[in-house]
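# Summary of structural features
Chain residues, written in single-letter form:
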Amino acid sequence: MSNSMKSIVYFAIAYAITWTIVIAAWSVRVHEQSPQAAVTVLGVSMVGPAIAALICAALFEKGHRVDALGLRGRWSWWWLGAWLAPIAIAAASVAFTLILSDRDYVDIGAASVAAAAAQGQDISQVPAFLTSTAFIVGVSIVVGALVNWLILTFTEELGWRGYLHHLWRPAGFWRASLGTGVVWGLWHAPMIYLLGHNYPDDRALGVGLFVIFCILLSPLMTLIRDRTNSVWAAGLFHGTFNAVGGLTLGMISNPSFPWSGIVGIGGFMALALGLAATALLAGRPALASPASGA
């Protein structure tokens, strides 16, 4: 079977699983029960790409299933880059927002203390460092990133930068990256339009914006995947990215659209810089993927 047909089968399964879960939950209004219920629905729906990848690898990739899923890899400094790059993008998104908008910086530590006081919680016995901004950020970029790493490697990334990368990367770096960005972004459509994911007040516009967001982000993730030859590194990048995304909302006052943290204007500007850096790095022959041409 050709890679094109394998891709169609993969998409059919991945989209069907995820969209069915989201639409079914929306139809019975699970998301209206509580914010936690909506988050649970989103978490469960992410399994679509991984299940599709496992099924397709089992059916079509006999003898090299592990390689087709990207579960091997090699150590290099790019693993450190997979962790640091999302942090840099998040920091840049906050900086752009503060510089270009009327939003102000919010100290996450002070805000958490104020929120606890507003809820009548007595935190006087809690060590001060536990409510400091440094501690909260540190936990997010270490513990949060590690937890999300495992979750996202074996949900989304096993599909997008795992099996789909195996199918599409031979077509070239940019074709594979931009094409993956499109289908990855569209895969989020019911989450955004029905559940308000990332753009709760601008849902229809949010669907289109998030496709562009994924197109901008995808080349950097492909580069990480190429240089490490591992879906694990892509999962580390994605896990860290999601972990710091919430911080970009907490660090700015009134984080509403279009200045909504990493998914707002500041985030798009930061991703544009990341795309430019990726173009420079991907264009170097010494950094080209050993598996296929750029």
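Anything mentioned here points back to the structure above.
In this text, all values refer to a predicted model and were calculated from it rather than measured experimentally. (Residues numbered from 1 in each chain as written. Predicted model: local features only at pLDDT ≥ 70, side-chain atom pairs only at ≥ 80, totals over all residues. Heavy atoms only, no water.)

Turning to helix α11 (residues 231-250), a few remarks are in order. Taking 1.5 Å of rise per residue, 20 residues should cover 28 Å, and α11 covers 30 Å from first to last C-alpha, within 8% of that figure. α11 sits mainly inside the fold: 15 of its 20 residues count as buried. In this structure S230 caps α11, since a side-chain oxygen of it lies 3.0 Å from the backbone nitrogen of W232. (Helix = DSSP H or I, 4+ residues; strand = E, 2+ residues; numbered from the N terminus. Expected span 1.5 Å × (residues − 1). Buried < 20%, exposed > 50% of the residue type's maximum accessible area, 1.4 Å probe, protein only. Polar contact = N/O pair within 3.5 Å; in protein donor to acceptor, adjacent residues only side chain to side chain.)

The N-to-C vectors of helix α1 (residues 3-27) and helix α3 (residues 47-60) enclose an angle of 150°; their axes lie 8 Å apart at closest approach. Crossing hand, α1 versus α3: right-handed. Across the interface between the two elements, K6, V9, Y10, I13, A14, I17, T18 and I21 from α1 touch V47, G48, P49, I51, A52, A53, I55, C56 and F60 from α3. Its residues placed into classes, the contact of α1 with α3 shows 14 nonpolar, two polar and one charged. (Axes fitted to C-alpha atoms, helices over the stretch in contact; angles between N-to-C directions. Left-handed = near helix turned anticlockwise from the far one by under 90°. Contact = heavy atoms within 4.5 Å. Nonpolar A, V, L, I, M, F, W, Y, C, P; charged D, E, K, R; others polar.)

On to unusual backbone geometry, then. Peptide bonds are, in most cases, trans, and in most cases residues other than glycine have a negative phi. For the peptide bond that leads from F257 to P258, omega is 10°, which places it in the cis range. The residue P258 is located in the loop between α11 and α12 (265-282) in this model. Even without being a glycine, R29 presents a positive backbone phi close to 60°. Its location among the elements puts R29 in the loop between α1 and α2 (35-45). Phi is positive for N254, close to 45°, though the residue is something other than glycine. As for its placement among the helices and strands, N254 is situated in the loop between α11 and α12.

Residues spaced three or four apart along an α-helix point in a common direction, a consequence of the helix completing one turn every 3.6 residues. Taking 1.5 Å of rise per residue, 26 residues should cover 38 Å, and helix α10 (residues 203-228) covers 36 Å from first to last C-alpha, within 8% of that figure. Along its length, α10 shows its largest kink, about 30°, at S218, and proline P219 lies within four residues downstream of that point. N229 lies just past α10 and shows a positive phi near 55°. (Bend = angle between axes of the 7 residues up to and from the residue.)

Let's shift gears to the environment of A88. Inspection of the secondary structure assignment puts A88 in helix α5 (residues 78-100). The partly exposed category is assigned to A88, whose relative accessible area is 46%. A sequence separation of 38 residues divides A88 from V126, and the C-alpha atoms of the two residues are 31 Å apart.

All right, on to the packing of α5 against helix α7 (residues 133-168) then. Remark: α5 packs on α7, axes separated minimally by 12 Å, with the N-to-C direction vectors making an angle of 115°. With respect to each other, α5 and α7 are oriented roughly perpendicular. For α5 against α7, the interelement crossing comes out right-handed. Touching W79, W83 and I87 of α5 are I141, V142, A145 and W149, all from α7. Of the residues contributing to the contact of α5 with α7, the split by class is seven nonpolar, no polar and no charged. (Parallel < 35°, antiparallel > 145°, perpendicular 65-115°, else oblique.)

Bringing the packing of aromatic side chains into the picture now. All chains considered together, the criterion is met by 16 aromatic pairs. An angle of 75° between the planes, with centres 6.0 Å apart, marks the rings of Y199 and F257 as edge-to-face. On the criterion of sequence distance, the pair formed by Y199 in the loop between α9 (189-195) and α10 and F257 in the loop between α11 and α12 is long-range, its members being 58 residues apart. Of the residues examined, F257 reaches a relative accessible area of 32% and is grouped as partly exposed. (Phe/Tyr/Trp six-rings, centres within 6.5 Å; stacked < 30°, edge-to-face > 60°.)

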